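Structural features, examined
Below are the chains, spelled out letter by letter.
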Amino acid sequence: MSSGQKIFIVENPNEQRIDTLLTKQYQDYSRTYFQELIEAGHVLLNDQPLKKRHIPSCGDKVKVFFHKRPGPDLTPQPIPLNIIYEDNHLIVVNKPSDMVVHPAPGNWSHTFVNALLSHCTLPETSELRPGIVHRLDKETSGVLIAAKTEIAHQKLVELFQKREIQKEYIAIALGKVPSCTLSEPIHRCPKNRKKMAIAPSNEGKEAITEIKCLAFNGTFSKVSLKPKTGRTHQLRVHLNHIGHPILGDKVYGNISINDRYSIDRHYLHAVKIAFVHPMTQKFVTFEAPLPKEMESIFICGF
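Let me sum up the structure you'll find in this document.

What follows covers unusual backbone geometry. Positive phi, close to 55 degrees, is recorded for Asn46, a residue that is not glycine. Tracing the backbone shows Asn46 in the loop between strand S2 (43–45) and strand S3 (48–49).

It is worth spelling out helix H3 (residues 112–119) at this point. Taken together, the buried positions of H3 are Phe112, Val113, Asn114, Ala115 and Leu116. Considering only its buried residues, H3 is in contact with strand S6 (90–95) and strand S7 (141–147). Measuring from the side-chain oxygen of the N-cap residue of H3 to the backbone nitrogen of Val113 gives 3.3 Å; that N-cap residue is Thr111.

Membership of the largest hydrophobic core comes to 39 residues, with the highest contact counts inside it found for Phe112, Ile172, Phe220, Leu225, Leu239, Leu247 and Tyr267. Counting only elements with at least two residues in this core, the list comes to S6, H3, S7, strand S8 (166–174), strand S13 (220–227), helix H5 (234–241), strand S14 (268–276) and helix H7 (292–300). If you tally residues by element for this core, the top one is S8, at 6 residues.

Here the focus is the environment of Val133. In this fold, Val133 is placed in the loop between H3 and S7. By relative accessible area, Val133 is classed as buried at 12%. Sequence separation of Val133 and Lys155 is 22 residues, and the distance between their C-alpha atoms is 9.5 Å.

For the coordinates displayed, the defined rule picks out 4 aromatic pairs. The interplanar angle of 50 degrees and the centroid separation of 6.0 Å between the aromatic rings of Phe275 and Phe286 together place this pair among those described as tilted. In this pair, Phe275 is assigned in strand S14 and Phe286 in strand S15 (residues 283–287), connecting sequence segments 11 residues apart. Classification of Phe275 as buried rests on a relative accessible area of 0%. For Phe286, a relative accessible area of 7% translates into the label buried. Put simply, the rings of Tyr85, Phe275 and Phe286 pair up and form one aromatic cluster.

Parameters and conventions
Residues numbered from 1 in each chain as written. Predicted model: local features only at pLDDT ≥ 70, side-chain atom pairs only at ≥ 80, totals over all residues. Heavy atoms only, no water. Helix = DSSP H or I, 4+ residues; strand = E, 2+ residues; numbered from the N terminus. Buried < 20%, exposed > 50% of the residue type's maximum accessible area, 1.4 Å probe, protein only. Contact = heavy atoms within 4.5 Å. Polar contact = N/O pair within 3.5 Å; in protein donor to acceptor, adjacent residues only side chain to side chain. Core = buried A, V, L, I, M, F, W, Y, C linked by side-chain atoms within 4.5 Å. Phe/Tyr/Trp six-rings, centres within 6.5 Å; stacked < 30°, edge-to-face > 60°.

Take a look at the structure:
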């Protein structure tokens with residue numbers, strides 16, 4: 001549904017991309033929003049569609065058809081869940097690699113939250129993230145916890161904040177990865193706001209990862225990763241920093257090798273999580289087996 005159109009004449013002495021110019025021209029909208037409009041054909045340059053990387057010239061006429069973005073859909077959806085454990089207080093699942101945890105731009109439905117709402121009642125802890133206490137990237141598979149009551153949600157969040165929840169991941173990484181403990185602060189990349197990067201020592205947030213090489217097949221390493229902190233993209237950034245990016249990582253990885261092996265997701269899996277159950281006070285451990293594609297690429301990938 002269109003919410004109006006606007007036309008302006010380009011002034012572009014610095015030869016900036018069209019999506020950047022639009023963001024500066026209309027500061028109430030994000031660059032991502034304009035990229036979506038461009039890809040949908042709702043931005044015309046001299047009455048012709050264009051690509052987001054196009055650099056317009058001074059005097060070009062840009063016509064923008066503003067469209068409302070889809071909003072969140074918290075409708076329960078009967079999406080199958082691979083449940084590892086469930087009681088009256090929390091639920092633990094083995095998340096598949098193609099599932100987004102909660103509604104967000106570009107993924108307003110068919111999320112873990114939509115599936116949970118179909119399966120059980122969730123506390124109203126957040127408008128878009130009811131019951132969610134932590135998250136995994138869309139392409140990361142494995143153990144994921146959600147709370148079913150407000151008190152369980154509060155206590156689980158506190159456990160995460162106090163770093164009293166033990167997490168272990170398995171990754172398939174390029175080359176022979178050294179076993180070590182990496183302590184390198186992380187901040188948002190100043191050149192690309194969608195990426196994270198290693199920060200100078202006096203900047204960024206503390207990020208610590210315990211790395212152990214479990215096996216090496218001559219091409220790839222099977223690596224155990226135990227994050228002691230919970231920074232965005234921490235494991236992916238740390239492995240890339242030491243020259244051993246995760247296989248299949250489109251953002252921090254080796255694109256040519258990803259293409260060679262036809263990998264369409266980063267091979268990172270949350271294999272284990274352990275903590276003191278906030279209601280029973282018993283120490284519990286939950287595990288999710290390594291996906292077959294990760295196991296097989298390690299065995300056959302050389």
